[in-house]
Amino acid sequence: MEEFRRSYSRLCRESGAEPQEAVLQQLHQLPRGRLDLATQSLTVETCRALGKLLPRETLCTELVLSDCMLSEEGGQARRGGSLCRFLSRLSNFCGNNLRAAGAEALGKLLQQNKSIQSLTLEWNSLGTWDDAFATFCGGLAANGALQRLDLRNNQISHKGAEELALALKGNTTLQQLDLRWNNVGLLGGRALMNCLPSNRTLWRLDLAGNNIPGDVLRAVEQAMGHSQDRLTTFQENQARTQVLSKEVQHLREEKSKQFLDLMETIDKQREEMAKSSRASAARVGQLQEALNERHSIINALKAKLQMTEAALALSEQKAQDLGGLLATAEQEQLSLSQRQAKELKLEQQEAAERESKLLRDLSAANEKNLLLQNQVDELERKFRCQQEQLFQTRQEMTSMSAELKMRAIQAEEHLDMEKRRCRQSLEDSESLRIKEVEHMTRHLEESEKAMQERVQRLEAARLSLEEELSRVKAAALSERGQAEEELIKAKSQARLEEQQRLAHLEDKLRLLAQARDEAQGACLQQKQVVAEAQTRVSQLGLQVEGLRRRLEELQQELSLKDQERVAEVSRVRVELQEQNGRLQAELAAQEALREKAAALERQLKVMASGHREALLDRESENASLREKLRLREAEIARIRDEEAQRASFLQNAVLAYVQASPVRTLSPPK
């Protein structure tokens, strides 16, 4: 509140007055939320300063200004209007003699204020002027926050009571109204009594000391009693509805918790099933990979068998045609290169076929799992066939090995003779190659010299063109000077002709530059051709050396293939036996996994049925709770209807009593 004190002092000094010590003392001793300025004589400047500061002060919830005489004189009415601009949650303007200006200010502020709940206006003069009090009543009718209003000793007449009755018909929040010690009279009392049936919130109305007949006071007391009963029943019903809503909310929370627990268990079971399915899928994938590996091994063995058979056929053909092959060494080199290319193509095709087979096997994994048993049977039959074929090939190889030994002895003699011939032919081919290389180098040197001469000619042509260009420029300058002297109009034409000639000459220069670049590119190409020819010559020499080594390796391979064939046959037999054992074990494991999956599916079905029964039980409980709520709501509606009927009966009785009373005949018409 120190900031509030400083702001109050600053505003007072700005208006040209000193702050009041009593107000500063009260602000210094101010309890939290309450500003008590009772029995203080406030100046106009103090009222203005407080009127500016209080609407901005959020901590002040209670304002006490009783017995401050805010409207003792006409000039002091402005002080009351300045302070009335602020209405806190609890406001006390007791004993300030507020009159027309204060009543109008309070009426206007009640229309705008949404926070005041209690307003004490005891010992004022609000009812002295009917128009001002009508403005106050209009603000009361429009207010939606005020719950308690104290208007004792305010000189309110029967007209003011009628205006107040009209305001009570439109007000929906006022609960307590104190009108003691005023001048309401019989007419005002009847007007207030008649407005009570249309007001559903007012449950306390004090009318003592207003010259109102006893029957009217008793009727008002009965109406207030009914209002209190109605308020208590409404509060009880509200409490019951709150209890029921809490119970329903609690049941909903329990149901939601149970449902969440159920969903968590279902999710856990689903996760376990997913884990088991993933494990089974991984196991099946491993089995499929093992099966694919075995397929690849079998295919490799088949390929090796085919290659051995082809090697045997080639060895036979080589043994038969060894003399012709050695005589035609160059043809043999070409045939060997072609065979190597074919072998590479075959290997690439086999690799591509393996990749396609692997892709097809991966895409058809589920189908192959169903056909594993059939494939195992087929593999056993193929294994038996392969054993028979190996036995036959072994016999054939024993017969062929004897023949090959005889032929090898004969071939060695032929090889010695053919080696001599091959060496002589290689020396002749080497001399021919050297001659060809020298011829190519001479041809390239001649072409390079011709290209250099052409470049020189082009350079000379470029120099002649540049000289011609300089001469043309000089001629153009002389012609331009003559044209400037002779005719001014010919200047533009000369410029155009000169530009055209320059463009033509520049085009010629550009074409010459392009021709020069092309010649240089051709020279570079020729150099590249020479380099490629040299690399080819070196590659041919390397190939000749490689072919020589290849002949020696082939002779060694012929001796080692017999041993490798026997070792491969024994190894293939052992591998096939191991593969059969592994396949049988994997089939047994797969059957066990299938049985586990079936058991898990049965457990899931049992759990799902149990969850469905639990959900049906919860839904039946919810339906019963809804039925109970509907019965409670029907009972509450019935009680409300009975209370409305009782109020209407009471109103009819009061009206009949008032109409039948003798006082009505003596009172003048309204």
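What counts, and where the lines are drawn
Residues numbered from 1 in each chain as written. Predicted model: local features only at pLDDT ≥ 70, side-chain atom pairs only at ≥ 80, totals over all residues. Heavy atoms only, no water. Salt bridge = Lys/Arg side-chain N within 4 Å of Asp/Glu carboxyl O. Helix = DSSP H or I, 4+ residues; strand = E, 2+ residues; numbered from the N terminus. Buried < 20%, exposed > 50% of the residue type's maximum accessible area, 1.4 Å probe, protein only. Contact = heavy atoms within 4.5 Å. Axes fitted to C-alpha atoms, helices over the stretch in contact; angles between N-to-C directions. Parallel < 35°, antiparallel > 145°, perpendicular 65-115°, else oblique. Nonpolar A, V, L, I, M, F, W, Y, C, P; charged D, E, K, R; others polar. Patch = residues over 30% accessible without salt bridge, like charges linked within 9 Å, V, L, I, M, F, W, Y side chains within 5 Å. Areas by Shrake-Rupley, 256 points an atom, 1.4 Å probe, with all protein chains shown as cover. Lys, Arg positive; Asp, Glu negative; His and termini not counted. Charge placed at Lys NZ, Arg CZ, Asp CG, Glu CD. Left-handed = near helix turned anticlockwise from the far one by under 90°. Expected span 1.5 Å × (residues − 1). pLDDT = per-residue confidence, 0-100.

Turning our attention to the pattern of salt bridges. According to the stated counting rule, one finds 12 salt bridges in the structure shown. One salt bridge connects Glu14 with Arg10, and the closest N-O pair in it is separated by 3.2 Å. With Glu14 and Arg10 both in helix H1 (residues 2-14) and 4 residues apart, the pair spans about one turn of that helix. Judged by relative accessible area, which is 57%, Glu14 ranks as exposed.

For Ser125, the location among the structural elements is in the loop between strand S4 (118-120) and helix H6 (130-142). Overall, Ser125 belongs to the buried group, its relative accessible area being 8%. Among residues more than four places away in sequence, those in contact with Ser125 are Asn97, Leu98, Arg99, Asn154 and Gln155.

All right, on to the packing of helix H7 (residues 158-170) against helix H8 (residues 185-195) then. Look at H7 against H8: their axes get within 8 Å of each other, and the N-to-C directions meet at 5 degrees. Between H7 and H8, the interaxial angle falls into the category roughly parallel. Contacts between H7 and H8 involve His158, Ala161, Glu162, Ala165, Leu168 and Lys169 from the former and Leu187, Gly188, Ala191, Leu192 and Cys195 from the latter. Across the contact of H7 with H8, the residue classes tally to 7 nonpolar, 2 polar and 2 charged.

The next thing to look at is a negative patch on the surface. On the surface, a cluster of negative charge is contributed by Asp261, Glu264, Asp267, Glu271 and Glu272. Mapped onto the fold, Glu264 is located in helix H9 (residues 214-320).

Turning to a positive patch on the surface, a few remarks are in order. A contiguous patch of positive charge on the surface is contributed by Lys302, Arg354, Lys357, Arg360, Arg381, Lys382 and Arg384. Mapped onto the fold, Lys302 is located in helix H9. Taking the relative accessible area as the measure of exposure, Lys302 reaches 32% and is therefore partly exposed.

The subject of this paragraph is the packing of H6 against H7. Where H6 contacts H7, the two axes come as close as 8 Å, and the packing angle between them is 15 degrees. The angle between H6 and H7 falls in the class roughly parallel. Where H6 crosses over H7, the two elements pack in a sense that is right-handed. Touching Asp130, Phe133, Ala134, Cys137, Leu140 and Ala141 of H6 are Lys159, Gly160, Glu163, Leu164, Ala167 and Gly170, all from H7. Its residues assigned to classes, the contact of H6 with H7 shows 7 nonpolar, 2 polar and 3 charged.

The next subject is unusual backbone geometry. One non-glycine residue with positive phi stands out, namely Gln155, at about 55 degrees. The topology assignment puts Gln155 in the loop between strand S5 (148-150) and H7. Not every positive phi belongs to a glycine, and Trp181 is a case in point at roughly 60 degrees. Tracing the backbone shows Trp181 in the loop between strand S6 (176-178) and H8.

The next thing to look at is H1. Between its first and last C-alpha, H1 extends 19 Å over 13 residues, near the 18 Å set by a 1.5 Å rise per residue. Among the residues of H1, those classed as buried are Phe4, Arg5, Ser7, Tyr8, Ser9, Leu11 and Cys12. Gly16 sits one or two positions beyond H1 and adopts a positive phi of about 90 degrees.

Before going further, it helps to examine the confidence of the model for the protein. Taken over all residues, the pLDDT of the protein has a mean of 78, while the share at 70 or more is 88%. Per-element confidence in the protein is highest for S6, whose mean pLDDT is 93, and lowest for helix H4 (residues 77-83), whose mean pLDDT is 39. A low-confidence stretch, residues 71-86 (pLDDT under 50), is modelled with 37 contacts involving residues beyond four sequence positions or located in other chains. Confidence drops under pLDDT 50 across residues 663-670; counting only partners more than four residues distant or on other chains, this segment forms 7 contacts.

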